[in-house]
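# Tertiary structure, described
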Amino acid sequence: MATQSGKTTGTLDAIIIGAGFSGLYQLICLRDRLGLNVQVLETGSAVGGTWYWNRYPGARCDVESYAYCYTFSPELTEEWEWSERYPDDAELRRYLDFVADRFDLKRNIQFNTRVTSAWYDEAANTWTVKTEAGESFTAKYLIAAVGCLSTANVPRIAGLESFAGHWYHTGEWPHDGVDFTGKRVGMIGTGSTGIQAAPVIAETASHLTVFQRTANYSIPARNAALSEEYKRFYKERAPEIRKTTRETPNGYPFKPNPKSALEVTPEEREAAYEEAWARGGMQFRATFRDIVLHKEANETAAAFIRHKIAQVVKDPKKAAILLDIDHAYGAKRPPIDNGYFECFNRDNVSLVDIKAAPIERIISSGIRTADAEYPLDIIVFATGFDAMTGPLLRMDIRGRDGLRLADAWEAGPTTYLGLQVAGFPNLFTMTGPGSPSVLCVMPVAIEQHGEWIASCIDYMRKNDIARIEAKPEAAEKWVEHVNEAANETLLVTAKHSWYLGANIPGKPRVFMPYAGGMPRYRQKCDEVAAAGYEGFVLSR
Ligand code: N01
């Protein structure tokens, strides 16, 4: 039951925190397939999750629209029309809003509601969730669908409070936008976000100064409007695309070339990279099967990209700073761009190497580095997120015997399958640490999680099971496996990556996402369920 306000009435079976891709799908699975009474609590004033908050200039998904969407409903696939190769943030919000209306989801979503705590009551076997406004909700199951990249990281740089201009974090962008016209803008950060934002900011700012700590690779996205022919083509091929996204390690709609970069002639390799560069997008990483696995193979791709950057950037000083890349291609999340390197050829864009001369402080007139002062009207922090654990730990989550999640994870996150934490019965995390999450196309990972959690709850209900909780030894073994899987790749070689938590001072260095690939993960989850939820304690 529900009211107009989005508040569910009656006794709740489940509470879902978050109304992004994962929360919406979990609501469909639990409410419409199992018939549960579910309440979704969402901080924002509308659906969208990551795409509700990330409205910065140039924000756009780096996965093709026809693959970055739900696949559970052929009718939905038929009814929705993507306009571009990669959807921008506004189109993704429209899509999720369409889904929410299409499946009548809003009646169970309470917006403008920030969850501050979630405590487990062992005697009652319930979770009580409290909100910033002082409301309280109680249910048997709690599903954290809070996203992986939803806690903005604003670095603690001395003097920020003294800045006389305006500053913004890209992940908390004002809904009515920011007018850069005639302004001197400083942007800190050159990850996927900064690389998308810079060329767009440069179009209207009087001057853009990019503060780069770590140089990055980027591949042209080659975004374009979808022709009517392509729109039809993707719809007709939807079942085939769905199948491919479920068979490939990262959930992409293309398969990696089975060849090694080292088994072809230099000419063939060059031709393959040229073709991938011209096609654009993440598929570049799949040009050869071992690009993210072997150093030597990786270097062939890295050298090709460096050569392209050198060709594009005309000013040799800027080029040298942009080419000072300290990690393997793909070891950090590889960005794709719409004119990033080209924007450094504009007269109104400059580049500051803050690895060579670090930022010392922010002053009222701008940014002071070790060797200069940069007068600014606006500072943009494209400085990323407290990824994966941040959104969970900013709530006060307490499990059995009052165990705080923050204490349980003091040395880093420990989960079983990324879905449950020992000591926290009936709490499920969607795309949690230890699951493929950020290494997989999100909606692909999310549909698997949503369905697995719903099947698990269905099994519990049919078998009179009141509680499910990960065994500590199963979680420890899973964490070992997550580490082994990461160690088989070059992902662990980038020591400053957010995959490791290295972007947040004091955060334990633990490789968080599962790098063993979505098909392997899916199989493991299915085997666990088929074996009567092996590795979990089920109690009546
Ligand atoms: O964040 P990041 P992001 N002083 O952490 C720098 C997804 N995403 O928002 O590398 C100075 O990658 C930091 O420098 P360094 C995607 O999964 C997807 O760009 O730590 N600089 C780095 O340059 C992505 O990976 C899409 O040395 C500081 C930058 O800020 C993830 O979100 C678009 C600093 C942060 O890069 C995060 O991307 C956007 C400091 N104190 C994002 N702290 C698409 O779908 C940090 N930096 C296309």
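Residues numbered from 1 in each chain as written. Predicted model: local features only at pLDDT ≥ 70, side-chain atom pairs only at ≥ 80, totals over all residues. Heavy atoms only, no water.

Glancing now at unusual backbone geometry. Even without glycine at this site, Arg-222 takes up a positive phi of about 60°. With respect to the element layout, Arg-222 can be found in the loop between strand E11 (219–220) and helix H6 (228–236). Notably, Asp-401 is not glycine yet its phi reads approximately 55°, a positive angle. Relative accessible area serves as the criterion here: at 71%, Asp-401 is assigned to the exposed category. (Helix = DSSP H or I, 4+ residues; strand = E, 2+ residues; numbered from the N terminus. Buried < 20%, exposed > 50% of the residue type's maximum accessible area, 1.4 Å probe, protein only.)

What follows deals with the pairing of strand E5 (residues 126–131). Alignment of strand E4 (residues 115–121) against E5, held across six bridges, turns out to be antiparallel. Bridge pairing links Val-115 to Thr-131 in E5. The antiparallel pairing of E4 with E5 creates a hairpin that spans four residues between the two strands, and Asn-125 there sits at a positive phi of about 55°. When E5 meets strand E6 (residues 136–139), the two strands line up antiparallel, connected through four bridges. Pairing of Trp-127 across the sheet is with Ala-139, part of E6. Once E5 ends, the chain turns through four residues before running back antiparallel as E6, passing Gly-134 with a positive phi of about 90°. (Pairing = 2+ DSSP bridges.)

Burial of nonpolar side chains together is a common tendency in soluble globular proteins. Residues Tyr-70, Tyr-95, Phe-284 and Trp-452 are the most contacted members of the largest nonpolar core, which totals 142 residues. No other element matches the ten residues that helix H14 (residues 442–462) contributes to this core. Here this core spans two domains, since at least three of its residues come from each of domain 1 (12–151 + 387–539) and domain 2 (152–216 + 335–384). Not counting the four nearest positions on each side in its chain, Tyr-95 is found in contact with Phe-21, Cys-69, Tyr-70, Leu-76, Trp-80 and Trp-82. Val-115, Tyr-120, Leu-392 and Trp-409 belong to the second largest nonpolar core, which has 22 residues in total. (Core = buried A, V, L, I, M, F, W, Y, C linked by side-chain atoms within 4.5 Å. Domains from an automatic or database assignment. Contact = heavy atoms within 4.5 Å.)

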